[in-house]
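# Summary of the model geometry
What follows is the residue order along each chain.
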Amino acid sequence: MTLPKNFLWGGDISATQIEGGWSEGNKAPVETDYLISGDKNTPRYAYYQTQDGEIVKSLQFSGKIPKGAKYVLKEGKIYPNHFATDFYHHYKEDIALLGEMGFKALNLTVSWARVMPNGINGGINKEGVEFYLSVFKEMQKFHIEPIVTLYKYDMPAFYITDFGGWSNRQMIDEFVAFAKVCFKKFKKYVHYWVTFNEINILKMTIDGEKDATVKDKQRTFEELHNQFIASAKAIRLAHEINPKNKIGCMICGLFTYPRTCNPEDILANQKYEEDNLFYYADVIIRGHYPSYAKRVWKEYRVDLQITEEDKKILASGKADFLPFSYYFTNCISEDASQKSTLTGITSNTSNKNPYLEETQWGWQIDPKGLKYALEMFSDRYDNFPLLIIENGIGAIDKLEDDHTIHDQYRIDYHREHIKALKEAVDDGVNLLGYTMWSCIDLVSAGTGELRKRYGFIYVDIDDQGQGTFNRYKKDSFYWYKDVIANNGDNI
Ligand code: BG6
């Protein structure tokens, strides 16, 4: 069981969650900059002001704010993404630490709001481009391969307020223009790209909202379609600009099991997989909507206008590899009392699997499910190249007086997942790498907490923004360093 020599060992970070410096370097605000913290049981929300002056709350990712309204910051509230863990000012130190661990790859996002803060009309923001060039140069010193994600729920906020978000087809051109700038400006440094992060999460907003109207559903499917087209166009462009580019579009690993062997549960689970995983992976890999898409649209009562030109774009913009995240699995049942209320990655709270332990945030830990997921994708898509982007455990870590952090639970978590991926590779799965979430502590996307830590590197900052921002190595830091040095052979 030996992994390929060029296996991409590494980690992941994302601009809004790690950078801070939210209003520095001419960066435009993004929706996340307006989100206050929640917790395990409380979702995050932003405030906006309507044209009549009324202040209203809007749930994270809902993207639904009335025409003419503007996001506002409320005095006295804490906005954790404003400071995050301040990678913006600490990136040299952070990259050196990742280099010390022997990282082969780092999956990071380039912030659209830094590079093109005012969209096509506003042009390129030199300061934003310079920042990322400097990050890539630093990575090059340590032979760390960048895997750049272009979109992770972080377009400049004016696209939501003034354009109406992704349901506006103009967004396709806006995104492709931003992608083009990245492909050209960072050509020398970046050869692995990801267009969208967890493209299958968007539908969760209507699935989780019991009052979602047909109009909401129609809009969501249009948004998705526009993202598929934008992704395919960007994929084509990446290949044209540099034939060496490898580019994928990422899926959130919403992997599930039937709750029982009742055939009804088996069918319910199959349907869940079609609606939430394969619908996306099929378009990304095969370049067209699957046969069951018509059933999905009928159930949601949406009428999607797909032009012949759209079909050609999808067919000619297929991905080179499939990146996906993997945190937990869930169970699906036809029985209403057991019904899963999966409403998004942050709320893995329903329909528990009795065979699995869970994290402090209630996410069920299932390393064997990773092997299952890898083999399922590999088999379905003819040994298509896969990449695990994001796998990790959110936990409360204790900083000891001597600045050590004993996070054996994190070592155990990653060890078991690496064992599982090795077994899948041994079975013939074409796996390019494993980049774990989040290598350096950062702000939780779902809850906005800083105490929900995922990193091998501890950052001294708390939920209130109090702390020194000093970096400390956790026990898992030394463990992962050893794993990389041995290419996983010593697991
Ligand atoms: C992934 C997201 O789905 O889940 C990350 O891509 C996120 O941005 C991660 O941080 C873990 O979720 P959370 O809510 O614990 O930050």
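Residues numbered from 1 in each chain as written. Predicted model: local features only at pLDDT ≥ 70, side-chain atom pairs only at ≥ 80, totals over all residues. Heavy atoms only, no water.

### Focus: the overall build of the protein
So the rule is basically this: Starting at the N terminus, helices and strands are each numbered in turn, a helix being any DSSP run of H or I of at least four residues and a strand any DSSP run of E of at least two. Only C-alpha atoms enter the radius of gyration; for comparison, a globular chain is expected to reach 2.2 Å times N to the power 0.38, where N is the number of residues. Relative accessibility under 20% of the residue-type maximum defines a buried residue, over 50% an exposed one, and the middle range a partly exposed one, all with a 1.4 Å probe and only protein chains included. We call two residues in contact when some of their heavy atoms are within 4.5 Å. Only the protein chains shown count as cover for residues, and the accessible areas themselves come from Shrake-Rupley with a 1.4 Å probe. We count Lys and Arg on the positive side and Asp and Glu on the negative side, and we leave His and both chain ends out. To locate a charge, the coordinates of NZ of Lys, CZ of Arg, CG of Asp or CD of Glu are taken.
Regarding its fold elements, the protein presents 16 helices and 16 strands. Radius of gyration (C-alpha) of the protein: 21 Å, near the 23 Å computed for a compact globule of 491 residues. Seen through its principal axes, the protein has C-alpha atoms that stretch 60 × 55 × 45 Å. The buried share among the 491 residues of the protein stands at 61%. Look at the contacts in the protein between residues 6 or more apart in sequence, and 74% of them connect residues 24 or more apart. Here the protein displays about 19600 Å² of accessible surface, and carbon together with sulfur accounts for 49% of that area. Between the mean site of the 59 positive side-chain charges and the mean site of the 68 negative ones, the protein shows a separation of 4 Å.

### Things to note about the environment of K5
Position of K5 relative to the elements: it lies in the segment before β1 (8–12). Among the residues examined, K5 registers a relative accessible area of 71% and is labelled exposed. With 402 residues separating them along the chain, K5 and D407 place their C-alpha atoms 28 Å apart.

### Some points on the site of the ligand
Rules: By convention in this text, a residue qualifies as near a molecule or strand provided that one of its non-hydrogen atoms is within 4 Å of it. All amino acids are sorted into three groups, where Ala, Val, Leu, Ile, Met, Phe, Trp, Tyr, Cys and Pro are nonpolar, Asp, Glu, Lys and Arg are charged, and the leftover types, Gly among them, are polar.
Neighbouring the ligand are 15 residues; Q17, E198, A445, K452 and Y454 lie closest to it. About the coverage of the ligand: the protein hides 99% of its 380 Å² of free accessible area. Along the lines of polarity and charge, the residues of the shell around the ligand split into six nonpolar, five polar and four charged.

### Re helix α3 (residues 87–101)
Our working rule: Expected span of a helix, by definition, is 1.5 Å for each gap between consecutive residues, and there is one gap fewer than residues. Two axes enter the definition of the bend at a residue: one is fitted to the seven residues ending there, the other to the seven starting there, and the bend is the angle between them.
For α3, built from 15 residues, the straight-helix expectation of 21 Å at 1.5 Å per residue is missed by more than 12%, its first-to-last C-alpha distance being only 18 Å. Of all the bends in α3, the greatest measures close to 40 degrees and is centred on E93. Those residues of α3 not exposed but buried are F87, Y88, H90, Y91, D94, I95, L97, L98, G99 and M101.

### What to know about unusual backbone geometry
The omega torsion across W437 and S438 is 5 degrees, close enough to zero to call that bond cis. Located in the positive-phi region is Y153, a residue other than glycine, with phi close to 50 degrees. Relative to the helices and strands, Y153 is located in the loop between β6 (145–151) and α7 (158–161).

### Quick look at the UniProt feature "active site" (unreviewed entry) in the protein
Stated formally: UniProt positions are given in the numbering used here, feature names are shortened, and annotations may be inferred rather than shown by experiment.
The positions UniProt marks with the feature "active site" (unreviewed entry) are E390. Its place among the elements puts E390 in the loop between β13 (386–389) and α15 (408–426). Under the relative-accessibility criterion, E390 is labelled buried at 5%. Other than its neighbours up to four places away in sequence, E390 contacts D12, K152, N197, E198, M250, F324, S325, Y326, Y327, T435 and W437.

### Section: the sheet that holds strand β14 (residues 431–437)
Going by this rule: A strand pair is defined by DSSP finding two or more bridges across the two strands. All axes are obtained by fitting lines to C-alpha atoms, using only the stretch in contact for helices, and the reported angles, taken between N-to-C directions, cover 0 to 180 degrees.
The nine strands are arranged β8-β7-β6-β5-β1-β14-β13-β11-β9 in an open sheet whose pairing can be described as parallel. With partners counted over all chains shown, the strands left at the sheet margins are β8 (246–248) and β9 (251–252), one partner each. Relative to β14, β13 is paired through three bridges, and the arrangement is parallel. Of the residues in β14, the one forming a bridge with L386 is L431. Its contacts with the sheet put helix α6 (residues 126–141) on β5 (105–109) and β6, and the angle it makes with β5 is roughly 170 degrees. Most of the contacts of helix α10 (residues 214–241) go to strand β7 (residues 192–196), to which it runs at about 160 degrees, and overall it touches β6, β7 and β8.

### A closer look at the packing of α10 against helix α13 (residues 308–316)
When two helices pack together, their arrangement is captured by the angle between the axes and the distance separating the axes. Stated formally: Angle categories are assigned with fixed cut-offs, so that under 35 degrees is roughly parallel, over 145 is roughly antiparallel, 65 to 115 is roughly perpendicular, and the rest are oblique. Whether a crossing is left-handed or right-handed is set by the direction in which the near helix is turned from the far one by less than a right angle, anticlockwise for left-handed and clockwise for right-handed.
Where α10 contacts α13, the axes come no closer than 8 Å and their chain directions differ by 50 degrees. Relative to α13, the element α10 is oriented oblique. Both α10 and α13 take part in a crossing whose hand is left-handed. Taking contact as the criterion, the partners of H225, F228, I229, A232, K233 and R236 in α10 are, on α13, D310, I313, L314 and S316. When grouped by side-chain class, the residues that make up the contact of α10 with α13 number five nonpolar, two polar and three charged.

### Some thoughts on the nonpolar core
The tendency in soluble globular proteins is for nonpolar side chains to be buried as a group. Spelled out, the test is: Within this scheme, the nonpolar core is defined by two criteria: the residues are buried Ala, Val, Leu, Ile, Met, Phe, Trp, Tyr or Cys, and they are joined through side-chain atoms within 4.5 Å.
The biggest cluster of nonpolar side chains holds 140 residues, and the ones touching the most others in it are F175, Y279, F324 and Y480. Sorting elements by how many residues they give to this core places α10 first, with 11 residues. Apart from the residues within four sequence positions on either side, Y279 is in contact with F221, F228, E274, Y289, P290, Y292, A293, V296, W297 and L304.

### Side note on helix α8 (residues 170–185)
The end-to-end C-alpha separation of α8 is 23 Å, in line with the 22 Å expected for 16 residues at 1.5 Å each. Among the residues making up α8, those that are buried are M171, I172, E174, F175, V176, F178, A179, V181, C182 and F183.

### Here's the deal with the packing of aromatic side chains
Rule in force here: Note on aromatic pairs: the rings of Phe, Tyr and Trp (six-membered ring only in Trp) are paired at centre separations within 6.5 Å, and the planes decide the class, stacked below 30 degrees, edge-to-face beyond 60, tilted for the rest. As a reminder, the over-ring test applies to NZ of lysine and CZ of arginine, requiring each to be within 6 Å of the ring centre and within 35 degrees of the ring normal.
Taken as a whole and assessed by the stated rule, the structure comprises 49 aromatic pairs. Ring centres of W9 and Y434 lie 6.3 Å apart, and the angle between their planes is 80 degrees; this geometry places the pair in the edge-to-face category. Taken together, the positions of W9 in strand β1 and Y434 in strand β14 put the pair 425 residues apart, joining distant regions of the chain. As far as the burial class goes, W9 and Y434 line up, both buried. Ring geometry for Y192 and F321: centres 6.1 Å apart, planes at 70 degrees, overall edge-to-face. Of the two residues, Y192 is situated in strand β7 and F321 in the loop between α13 and β11 (322–325); the sequence distance between them amounts to 129 residues. Side by side, Y192 and F321 carry an identical accessibility label, which is buried. Members of the aromatic cluster, each reached through a chain of ring pairs, are W112, Y151, F158, Y159, F163, W166, F175, F178 and F196. The ring of W363 has K452 sitting right over it, with the charged end atom 4.1 Å from the ring centre. For the cation-ring pair, R453 lies above Y458, with the distance from its terminal atom to the ring centre recorded as 4.0 Å.

### Quick word on the pattern of salt bridges
Where charged atoms from two side chains of opposite charge approach closely, those side chains can pair. Put simply, the rule is: Salt bridge, as used here: a side-chain nitrogen of Lys or Arg that lies within 4 Å of a carboxyl oxygen of Asp or Glu.
On inspection of all chains with the given rule, the structure shows 33 salt bridges. K141 is the salt-bridge partner of E138, the closest N and O atoms lying 3.1 Å from each other. Of this pair, E138 and K141 both sit in helix α6, separated by three residues, roughly a single helical turn. According to the relative accessible area criterion, E138 is buried, its value standing at 9%. Its relative accessible area of 56% is what places K141 among the exposed residues. Among the salt bridges present, the one from E274 reaches R295, with a minimum N-O distance of 2.8 Å. Pair noted here: E274 is in helix α11 (residues 263–286) and R295 is in helix α12 (residues 293–300), with a separation of 21 residues, a long-range link.

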